[in-house]
Amino acid sequence: EDVMILTTPLAMPCIRPFTLYWDSNTTFEVRPGASQQVAAISSESLRFMQDIMHTLLRSTHSDQRPDNRKDFVALFTPNIHAQQFETWLSVNRGRRLALEEFHLNRDLSPRGLVRSPLYFGVPHIFHRWRTPSSDGAEAEVEVVCFALPKRRNFLEAGTLSEKVTGLASWSENSTREARSFPAKSCTIDFLPIEQARFSLFIPAITQHIEVLMVANQLCQTILKNVPFRDIHHVITAISASSTQSATDYQRYEFLGDTILKFIVSAQLFVNHENWHEGYLSEGRAILVSNSRLARAALDTGLDSFILTKPFTGKRWAYPLISELEIHSAGKRTVSSKTLADVVEALIGAAFLDGGLSAARVCTHTFLPDIRTPSLVFGPSAHPRSAKLVNSSINMMAELLIDHQFLDKALLQEALTHPSCERDTLTESYQRLEF
(Lines give C-alpha, C1' and ligand atoms only; values in the text may rest on other atoms or scores of the structure.)
Protein backbone atom coordinates (compact mmCIF):
# COMPACT_ATOMS: atom_id res chain seq x y z
CA GLU A 1 0.00 0.00 0.00
CA ASP A 2 1.16 3.50 -0.81
CA VAL A 3 0.61 6.04 1.95
CA MET A 4 0.56 9.74 1.12
CA ILE A 5 0.02 12.64 3.48
CA LEU A 6 -2.37 15.42 2.45
CA THR A 7 -1.79 18.74 4.20
CA THR A 8 -4.61 21.28 3.96
CA PRO A 9 -5.23 24.73 5.50
CA LEU A 10 -8.58 23.59 6.95
CA ALA A 11 -9.70 20.53 8.86
CA MET A 12 -11.33 17.98 6.57
CA PRO A 13 -14.57 16.13 7.34
CA CYS A 14 -14.56 12.39 7.90
CA ILE A 15 -14.17 10.81 4.45
CA ARG A 16 -15.36 7.30 3.75
CA PRO A 17 -13.23 5.04 1.52
CA PHE A 18 -13.92 5.53 -2.16
CA THR A 19 -12.93 3.82 -5.39
CA LEU A 20 -10.83 4.99 -8.33
CA TYR A 21 -11.42 3.14 -11.61
CA TRP A 22 -8.16 2.63 -13.48
CA ASP A 23 -9.47 0.35 -16.24
CA SER A 24 -12.18 -2.24 -16.76
CA ASN A 25 -10.23 -4.81 -14.71
CA THR A 26 -8.44 -2.67 -12.16
CA THR A 27 -9.67 -0.43 -9.35
CA PHE A 28 -7.92 1.32 -6.49
CA GLU A 29 -9.47 2.00 -3.10
CA VAL A 30 -8.61 5.27 -1.38
CA ARG A 31 -8.88 4.90 2.39
CA PRO A 32 -8.45 8.28 4.09
CA GLY A 33 -7.22 8.11 7.65
CA ALA A 34 -8.31 10.31 10.51
CA SER A 35 -7.22 13.91 10.10
CA GLN A 36 -5.21 15.61 12.78
CA GLN A 37 -4.03 19.12 13.43
CA VAL A 38 -0.32 19.72 12.99
CA ALA A 39 1.96 22.28 14.53
CA ALA A 40 3.21 25.21 12.52
CA ILE A 41 5.30 24.10 9.54
CA SER A 42 8.70 25.73 9.18
CA SER A 43 9.35 27.77 6.07
CA GLU A 44 12.09 25.35 5.03
CA SER A 45 9.82 22.29 5.36
CA LEU A 46 7.05 24.11 3.52
CA ARG A 47 9.40 24.89 0.66
CA PHE A 48 10.44 21.24 0.43
CA MET A 49 6.77 20.13 0.52
CA GLN A 50 5.95 22.52 -2.32
CA ASP A 51 8.89 21.18 -4.34
CA ILE A 52 7.71 17.60 -3.77
CA MET A 53 4.18 18.49 -4.84
CA HIS A 54 5.51 20.28 -7.92
CA THR A 55 7.63 17.23 -8.82
CA LEU A 56 4.61 14.94 -8.53
CA LEU A 57 2.29 17.16 -10.57
CA ARG A 58 4.76 17.88 -13.37
CA SER A 59 5.72 14.21 -13.74
CA THR A 60 2.79 13.50 -16.04
CA HIS A 61 2.72 16.87 -17.81
CA SER A 62 4.40 17.97 -21.00
CA ASP A 63 7.43 20.27 -21.06
CA GLN A 64 5.73 22.35 -23.74
CA ARG A 65 4.12 24.63 -21.17
CA PRO A 66 6.31 24.67 -18.07
CA ASP A 67 4.66 25.88 -14.88
CA ASN A 68 6.90 26.74 -11.96
CA ARG A 69 4.20 28.10 -9.62
CA LYS A 70 4.25 26.29 -6.29
CA ASP A 71 1.79 28.12 -4.02
CA PHE A 72 -0.52 25.10 -3.84
CA VAL A 73 -3.62 25.24 -1.63
CA ALA A 74 -3.10 21.63 -0.50
CA LEU A 75 0.04 19.50 -0.53
CA PHE A 76 0.56 15.77 -1.11
CA THR A 77 3.81 14.40 0.32
CA PRO A 78 5.13 10.86 0.91
CA ASN A 79 4.74 9.37 4.37
CA ILE A 80 8.23 10.31 5.59
CA HIS A 81 9.63 12.58 8.28
CA ALA A 82 10.13 16.23 7.42
CA GLN A 83 13.90 15.77 7.80
CA GLN A 84 13.83 13.33 4.86
CA PHE A 85 12.13 15.74 2.42
CA GLU A 86 15.42 17.06 1.07
CA THR A 87 16.76 13.54 0.56
CA TRP A 88 13.57 12.50 -1.25
CA LEU A 89 13.94 15.46 -3.61
CA SER A 90 17.58 14.72 -4.35
CA VAL A 91 16.67 11.13 -5.29
CA ASN A 92 13.42 11.69 -7.20
CA ARG A 93 13.64 15.14 -8.77
CA GLY A 94 15.31 15.60 -12.12
CA ARG A 95 16.17 13.45 -15.15
CA ARG A 96 18.98 11.45 -16.65
CA LEU A 97 19.97 11.10 -20.30
CA ALA A 98 18.47 7.94 -21.76
CA LEU A 99 21.77 6.95 -23.33
CA GLU A 100 23.46 7.13 -19.94
CA GLU A 101 20.68 4.98 -18.46
CA PHE A 102 21.18 2.49 -21.29
CA HIS A 103 24.89 2.07 -20.49
CA LEU A 104 24.29 1.78 -16.74
CA ASN A 105 21.23 -0.47 -16.63
CA ARG A 106 20.49 -1.84 -20.09
CA ASP A 107 19.13 -5.10 -18.62
CA LEU A 108 16.67 -3.32 -16.32
CA SER A 109 13.64 -1.20 -17.14
CA PRO A 110 14.15 2.46 -16.17
CA ARG A 111 12.12 3.49 -13.15
CA GLY A 112 10.81 6.74 -14.60
CA LEU A 113 8.91 8.14 -17.57
CA VAL A 114 10.62 8.87 -20.89
CA ARG A 115 10.59 12.29 -22.57
CA SER A 116 11.76 13.40 -25.99
CA PRO A 117 12.08 16.98 -27.26
CA LEU A 118 10.87 15.62 -30.60
CA TYR A 119 7.47 15.14 -28.94
CA PHE A 120 7.37 18.37 -26.86
CA GLY A 121 8.60 16.59 -23.73
CA VAL A 122 5.35 14.61 -23.37
CA PRO A 123 5.93 11.78 -20.84
CA HIS A 124 5.88 8.24 -22.25
CA ILE A 125 6.01 4.80 -20.68
CA PHE A 126 9.22 2.87 -21.31
CA HIS A 127 8.74 -0.42 -23.17
CA ARG A 128 12.19 -1.63 -24.30
CA TRP A 129 15.52 -0.65 -25.81
CA ARG A 130 16.05 -1.09 -29.54
CA THR A 131 19.68 -1.56 -30.51
CA PRO A 132 21.18 -1.94 -34.00
CA SER A 133 21.72 -5.53 -35.16
CA SER A 134 25.43 -4.91 -35.75
CA ASP A 135 27.90 -2.90 -33.73
CA GLY A 136 26.71 0.47 -34.82
CA ALA A 137 27.11 3.87 -33.30
CA GLU A 138 25.54 4.72 -29.96
CA ALA A 139 23.36 7.26 -31.69
CA GLU A 140 21.37 4.41 -33.24
CA VAL A 141 20.07 3.17 -29.86
CA GLU A 142 16.34 3.90 -29.62
CA VAL A 143 13.80 3.90 -26.82
CA VAL A 144 10.49 2.20 -27.64
CA CYS A 145 7.66 3.75 -25.62
CA PHE A 146 3.90 3.86 -25.23
CA ALA A 147 1.84 6.99 -24.64
CA LEU A 148 0.14 7.54 -21.29
CA PRO A 149 -3.52 6.47 -21.07
CA LYS A 150 -5.77 9.34 -22.17
CA ARG A 151 -8.46 8.69 -19.59
CA ARG A 152 -8.39 11.04 -16.59
CA ASN A 153 -11.79 10.79 -14.90
CA PHE A 154 -11.03 7.94 -12.52
CA LEU A 155 -14.03 8.72 -10.30
CA GLU A 156 -16.59 7.31 -12.71
CA ALA A 157 -16.80 3.70 -13.82
CA GLY A 158 -19.12 4.77 -16.62
CA THR A 159 -16.25 6.33 -18.57
CA LEU A 160 -14.33 3.06 -18.78
CA SER A 161 -13.65 1.30 -22.04
CA GLU A 162 -13.15 -2.44 -22.33
CA LYS A 163 -9.48 -1.92 -23.14
CA VAL A 164 -7.04 -2.85 -20.37
CA THR A 165 -4.21 -0.40 -19.85
CA GLY A 166 -2.01 -2.62 -17.71
CA LEU A 167 -1.31 -2.36 -14.01
CA ALA A 168 2.07 -3.75 -13.03
CA SER A 169 3.71 -2.03 -15.96
CA TRP A 170 1.86 0.43 -18.14
CA SER A 171 3.71 -0.92 -21.14
CA GLU A 172 2.10 -4.36 -20.98
CA ASN A 173 -0.64 -3.33 -23.39
CA SER A 174 0.73 -4.21 -26.79
CA THR A 175 -2.43 -3.09 -28.60
CA ARG A 176 -1.41 0.55 -28.31
CA GLU A 177 0.82 2.13 -30.89
CA ALA A 178 4.48 2.13 -29.92
CA ARG A 179 6.70 5.14 -30.54
CA SER A 180 10.47 5.11 -30.96
CA PHE A 181 12.79 7.98 -30.03
CA PRO A 182 16.57 8.27 -30.40
CA ALA A 183 18.13 7.56 -27.03
CA LYS A 184 20.66 10.38 -27.49
CA SER A 185 17.84 13.01 -27.37
CA CYS A 186 15.68 11.41 -24.65
CA THR A 187 15.67 11.81 -20.90
CA ILE A 188 14.26 9.51 -18.22
CA ASP A 189 12.70 10.86 -15.02
CA PHE A 190 14.16 9.85 -11.67
CA LEU A 191 10.65 9.75 -10.14
CA PRO A 192 9.45 6.09 -10.03
CA ILE A 193 6.60 5.30 -12.38
CA GLU A 194 4.34 4.23 -9.47
CA GLN A 195 4.53 7.69 -7.91
CA ALA A 196 4.05 9.29 -11.31
CA ARG A 197 0.85 7.27 -11.66
CA PHE A 198 -0.31 8.61 -8.29
CA SER A 199 -0.02 12.11 -9.70
CA LEU A 200 -2.67 11.11 -12.26
CA PHE A 201 -5.00 10.31 -9.37
CA ILE A 202 -4.46 13.65 -7.58
CA PRO A 203 -7.16 15.55 -9.56
CA ALA A 204 -9.77 12.85 -8.85
CA ILE A 205 -8.86 12.63 -5.15
CA THR A 206 -8.95 16.39 -4.63
CA GLN A 207 -12.22 16.69 -6.60
CA HIS A 208 -13.84 14.07 -4.36
CA ILE A 209 -12.62 15.82 -1.21
CA GLU A 210 -13.67 19.26 -2.49
CA VAL A 211 -17.24 18.11 -3.15
CA LEU A 212 -17.39 16.54 0.33
CA MET A 213 -16.16 19.76 1.93
CA VAL A 214 -18.78 21.82 0.06
CA ALA A 215 -21.55 19.51 1.26
CA ASN A 216 -20.14 19.47 4.79
CA GLN A 217 -20.03 23.28 4.87
CA LEU A 218 -23.65 23.38 3.72
CA CYS A 219 -24.65 20.99 6.52
CA GLN A 220 -22.86 23.15 9.10
CA THR A 221 -24.47 26.40 7.96
CA ILE A 222 -27.78 26.53 6.10
CA LEU A 223 -28.80 22.96 6.97
CA LYS A 224 -27.47 22.96 10.52
CA ASN A 225 -30.91 22.13 11.94
CA VAL A 226 -31.57 19.26 9.52
CA PRO A 227 -30.35 15.97 11.05
CA PHE A 228 -28.52 14.54 8.04
CA ARG A 229 -26.68 11.32 8.82
CA ASP A 230 -25.36 10.49 5.34
CA ILE A 231 -23.68 13.45 3.66
CA HIS A 232 -23.77 11.68 0.31
CA HIS A 233 -27.50 12.42 0.13
CA VAL A 234 -26.61 16.12 0.30
CA ILE A 235 -23.95 15.73 -2.41
CA THR A 236 -26.50 14.16 -4.75
CA ALA A 237 -29.08 16.86 -3.99
CA ILE A 238 -26.73 19.77 -4.85
CA SER A 239 -25.24 18.19 -7.99
CA ALA A 240 -26.79 19.47 -11.20
CA SER A 241 -26.96 17.21 -14.24
CA SER A 242 -24.38 19.46 -15.89
CA THR A 243 -21.73 18.04 -13.52
CA GLN A 244 -22.00 14.75 -15.47
CA SER A 245 -21.40 12.83 -12.24
CA ALA A 246 -22.77 9.37 -11.51
CA THR A 247 -25.70 10.86 -9.56
CA ASP A 248 -27.50 14.19 -9.76
CA TYR A 249 -30.51 15.79 -8.13
CA GLN A 250 -33.14 14.72 -10.71
CA ARG A 251 -34.59 11.75 -8.80
CA TYR A 252 -34.34 13.51 -5.43
CA GLU A 253 -36.08 16.57 -6.90
CA PHE A 254 -38.99 14.39 -8.07
CA LEU A 255 -39.38 12.93 -4.57
CA GLY A 256 -38.86 16.28 -2.82
CA ASP A 257 -41.49 17.96 -4.97
CA THR A 258 -44.03 15.37 -3.82
CA ILE A 259 -43.02 15.60 -0.15
CA LEU A 260 -43.10 19.41 -0.22
CA LYS A 261 -46.59 19.48 -1.73
CA PHE A 262 -47.81 17.02 0.90
CA ILE A 263 -46.40 19.05 3.81
CA VAL A 264 -47.79 22.32 2.45
CA SER A 265 -51.17 20.76 1.59
CA ALA A 266 -51.54 19.30 5.09
CA GLN A 267 -50.76 22.60 6.78
CA LEU A 268 -53.12 24.58 4.57
CA PHE A 269 -55.88 22.04 5.20
CA VAL A 270 -55.53 22.34 8.97
CA ASN A 271 -54.94 26.10 9.12
CA HIS A 272 -57.82 27.12 6.86
CA GLU A 273 -60.90 25.11 7.76
CA ASN A 274 -63.20 27.29 5.67
CA TRP A 275 -61.17 27.25 2.44
CA HIS A 276 -62.60 25.21 -0.40
CA GLU A 277 -60.42 23.28 -2.82
CA GLY A 278 -59.89 26.24 -5.15
CA TYR A 279 -58.40 28.44 -2.41
CA LEU A 280 -56.32 25.56 -1.06
CA SER A 281 -54.89 24.73 -4.50
CA GLU A 282 -54.09 28.37 -5.19
CA GLY A 283 -52.43 28.78 -1.79
CA ARG A 284 -50.31 25.69 -2.36
CA ALA A 285 -49.33 26.78 -5.86
CA ILE A 286 -48.01 30.08 -4.47
CA LEU A 287 -46.01 28.41 -1.69
CA VAL A 288 -44.37 25.75 -3.85
CA SER A 289 -43.88 27.80 -7.02
CA ASN A 290 -40.44 27.79 -8.63
CA SER A 291 -40.12 31.55 -8.15
CA ARG A 292 -40.82 31.22 -4.41
CA LEU A 293 -38.35 28.36 -4.00
CA ALA A 294 -35.70 30.13 -6.10
CA ARG A 295 -36.05 33.24 -3.93
CA ALA A 296 -35.71 31.04 -0.82
CA ALA A 297 -32.49 29.56 -2.24
CA LEU A 298 -31.06 33.03 -2.84
CA ASP A 299 -32.17 34.38 0.54
CA THR A 300 -30.47 31.51 2.39
CA GLY A 301 -27.33 31.58 0.22
CA LEU A 302 -27.89 28.06 -1.13
CA ASP A 303 -26.90 29.17 -4.63
CA SER A 304 -23.20 29.28 -3.68
CA PHE A 305 -23.25 25.57 -2.78
CA ILE A 306 -24.79 24.21 -5.98
CA LEU A 307 -22.37 22.13 -8.07
CA THR A 308 -22.72 22.83 -11.80
CA LYS A 309 -19.32 22.36 -13.45
CA PRO A 310 -18.27 18.93 -14.74
CA PHE A 311 -15.00 17.42 -13.58
CA THR A 312 -12.60 17.32 -16.52
CA GLY A 313 -9.35 15.68 -15.49
CA LYS A 314 -7.52 16.62 -18.69
CA ARG A 315 -8.11 20.36 -18.30
CA TRP A 316 -7.93 20.30 -14.52
CA ALA A 317 -5.65 22.85 -12.87
CA TYR A 318 -4.47 22.44 -9.29
CA PRO A 319 -5.81 25.28 -7.10
CA LEU A 320 -3.21 27.91 -6.26
CA ILE A 321 -3.33 30.46 -3.45
CA SER A 322 -2.49 33.24 -5.91
CA GLU A 323 -5.60 32.43 -7.96
CA LEU A 324 -8.11 32.17 -5.10
CA GLU A 325 -9.18 35.81 -5.38
CA ILE A 326 -9.78 35.42 -9.11
CA HIS A 327 -12.02 32.38 -8.57
CA SER A 328 -13.91 33.87 -5.62
CA ALA A 329 -14.59 37.11 -7.49
CA GLY A 330 -15.98 35.36 -10.54
CA LYS A 331 -19.70 35.14 -11.23
CA ARG A 332 -21.76 32.31 -12.64
CA THR A 333 -25.30 32.00 -13.92
CA VAL A 334 -27.67 29.53 -12.26
CA SER A 335 -31.24 29.37 -13.56
CA SER A 336 -34.17 29.90 -11.22
CA LYS A 337 -35.40 26.43 -12.20
CA THR A 338 -32.13 24.89 -10.96
CA LEU A 339 -32.33 26.85 -7.70
CA ALA A 340 -35.89 25.62 -7.09
CA ASP A 341 -35.01 22.06 -8.07
CA VAL A 342 -32.12 21.90 -5.59
CA VAL A 343 -34.40 23.09 -2.75
CA GLU A 344 -36.84 20.30 -3.61
CA ALA A 345 -33.97 17.81 -3.96
CA LEU A 346 -32.69 18.67 -0.47
CA ILE A 347 -36.18 18.08 0.93
CA GLY A 348 -36.22 14.72 -0.82
CA ALA A 349 -32.73 13.93 0.50
CA ALA A 350 -33.83 14.82 4.05
CA PHE A 351 -36.83 12.51 3.69
CA LEU A 352 -34.64 9.62 2.52
CA ASP A 353 -32.13 10.23 5.29
CA GLY A 354 -34.37 10.99 8.27
CA GLY A 355 -37.98 10.47 7.32
CA LEU A 356 -40.84 12.94 7.21
CA SER A 357 -39.76 14.79 10.36
CA ALA A 358 -36.38 15.65 8.79
CA ALA A 359 -38.15 16.70 5.58
CA ARG A 360 -40.35 19.07 7.62
CA VAL A 361 -37.30 20.67 9.21
CA CYS A 362 -35.66 21.08 5.80
CA THR A 363 -38.85 22.61 4.39
CA HIS A 364 -39.03 25.07 7.29
CA THR A 365 -35.39 26.03 6.63
CA PHE A 366 -36.30 27.39 3.21
CA LEU A 367 -39.98 28.25 3.82
CA PRO A 368 -40.25 29.59 7.39
CA ASP A 369 -44.03 29.88 6.99
CA ILE A 370 -44.25 26.10 6.98
CA ARG A 371 -44.18 24.90 10.58
CA THR A 372 -41.96 21.99 11.55
CA PRO A 373 -44.15 20.13 14.12
CA SER A 374 -46.28 17.30 12.83
CA LEU A 375 -49.86 18.38 12.26
CA VAL A 376 -52.64 16.68 14.22
CA PHE A 377 -55.63 15.52 12.22
CA GLY A 378 -58.86 14.31 13.73
CA PRO A 379 -62.36 15.29 14.73
CA SER A 380 -61.14 18.60 16.18
CA ALA A 381 -60.27 19.70 12.66
CA HIS A 382 -63.84 19.06 11.56
CA PRO A 383 -66.11 20.90 14.03
CA ARG A 384 -69.12 20.82 11.74
CA SER A 385 -69.86 17.12 12.10
CA ALA A 386 -73.29 16.67 10.64
CA LYS A 387 -76.13 14.54 11.80
CA LEU A 388 -75.35 11.27 10.11
CA VAL A 389 -77.58 10.14 7.29
CA ASN A 390 -77.48 7.01 5.19
CA SER A 391 -75.78 5.07 7.98
CA SER A 392 -76.37 1.82 6.11
CA ILE A 393 -74.52 3.18 3.06
CA ASN A 394 -71.67 4.31 5.35
CA MET A 395 -71.43 0.82 6.85
CA MET A 396 -71.29 -0.74 3.38
CA ALA A 397 -68.54 1.72 2.41
CA GLU A 398 -66.51 0.78 5.48
CA LEU A 399 -66.80 -2.88 4.56
CA LEU A 400 -65.65 -2.15 1.01
CA ILE A 401 -62.53 -0.26 2.08
CA ASP A 402 -61.88 -2.47 5.14
CA HIS A 403 -61.62 0.44 7.57
CA GLN A 404 -63.86 1.59 10.40
CA PHE A 405 -63.94 5.36 10.88
CA LEU A 406 -63.63 6.83 14.36
CA ASP A 407 -65.22 10.02 13.02
CA LYS A 408 -68.16 8.93 10.86
CA ALA A 409 -68.65 12.52 9.67
CA LEU A 410 -65.37 12.27 7.75
CA LEU A 411 -66.66 9.27 5.81
CA GLN A 412 -69.92 11.04 5.06
CA GLU A 413 -67.99 14.11 3.89
CA ALA A 414 -65.84 11.94 1.61
CA LEU A 415 -68.98 10.47 0.02
CA THR A 416 -70.80 13.78 -0.51
CA HIS A 417 -70.80 15.19 -4.04
CA PRO A 418 -70.64 19.00 -4.44
CA SER A 419 -74.06 18.95 -6.14
CA CYS A 420 -75.73 17.54 -3.01
CA GLU A 421 -77.42 20.53 -1.29
CA ARG A 422 -79.93 18.75 0.95
CA ASP A 423 -77.51 18.73 3.92
CA THR A 424 -76.23 22.23 4.63
CA LEU A 425 -74.06 21.05 7.53
CA THR A 426 -71.95 18.53 5.62
CA GLU A 427 -69.23 19.72 3.25
CA SER A 428 -68.55 18.01 -0.05
CA TYR A 429 -65.55 15.78 -0.65
CA GLN A 430 -63.45 18.50 -2.34
CA ARG A 431 -61.36 19.49 0.70
CA LEU A 432 -60.60 15.87 1.54
CA GLU A 433 -59.80 15.15 -2.10
CA PHE A 434 -57.29 18.05 -2.00
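Position numbers for residues count from 1 along each chain, tracking the sequence in the order it is written. Restriction of local features to residues with pLDDT of at least 70 applies here, the model being predicted, together with a cutoff of 80 or more for giving and counting side-chain atom pairs; totals for whole chains, interfaces and linings are based on all residues. Note that the side-chain values use all heavy atoms of the structure and ignore hydrogens as well as water.

*Asks:* Outline the side chain of E101, supporting the account with residue identities and numerical values.
*Replies:* Helix numbering and strand numbering both begin at the N terminus, where a helix is a DSSP run of H or I of at least 4 residues and a strand a DSSP run of E of at least 2. As for its placement among the helices and strands, E101 is situated in helix α3 (residues 98–105). Exposure categories follow from relative accessible area, calculated using a 1.4 Å probe and restricted to protein chains: below 20% of the type maximum is buried, above 50% is exposed, and the middle band is partly exposed. Given the relative accessible area of 9%, E101 is considered buried. We call two residues in contact whenever any of their non-hydrogen atoms come within 4.5 Å of each other. If near-sequence neighbours (up to four positions away) are discounted, E101 is found in contact with R96, R106, P110, W129 and I188.

*Asks:* I'd like to hear about the packing of aromatic side chains, residue by residue, with values.
*Replies:* Under the pairing criterion, centres of Phe, Tyr and Trp rings, with the six-membered ring standing for Trp, must be within 6.5 Å; the plane angle then separates stacked pairs below 30 degrees from edge-to-face pairs above 60, leaving the rest tilted. Tallying each qualifying case throughout the model produces 10 aromatic pairs. Ring geometry for W22 versus F201: centroids 5.7 Å apart, planes at 80 degrees, classification edge-to-face. Of this pair, W22 sits in strand β2 (residues 18–23) while F201 sits in helix α4 (residues 193–220), and the two are 179 residues apart along the sequence. Here W22 matches F201 in class, with each residue buried. The rings of W22, F28, F154 and F201 are connected pair by pair, giving a single aromatic cluster. Ring-over charges, as used throughout, are those where CZ of Arg or NZ of Lys falls within 6 Å of the ring centre and within 35 degrees of the ring normal. One residue, R197, lies across the ring of W22, its end atom 5.3 Å from the ring centre.

*Asks:* I'd love a proper account of the pattern of salt bridges, names of residues and values included.
*Replies:* Throughout this description, the term salt bridge denotes a Lys or Arg side-chain nitrogen within 4 Å of a carboxyl oxygen of Asp or Glu. For the structure on display, the rule yields 19 salt bridges. Taking the shortest distance from any N to any O, the salt bridge between R31 and E29 comes out at 2.9 Å. Judged by relative accessible area, which is 47%, R31 ranks as partly exposed. What makes E29 partly exposed here is its relative accessible area of 48%. For the salt bridge of R130 with E142, the shortest nitrogen-to-oxygen distance reads 3.2 Å.

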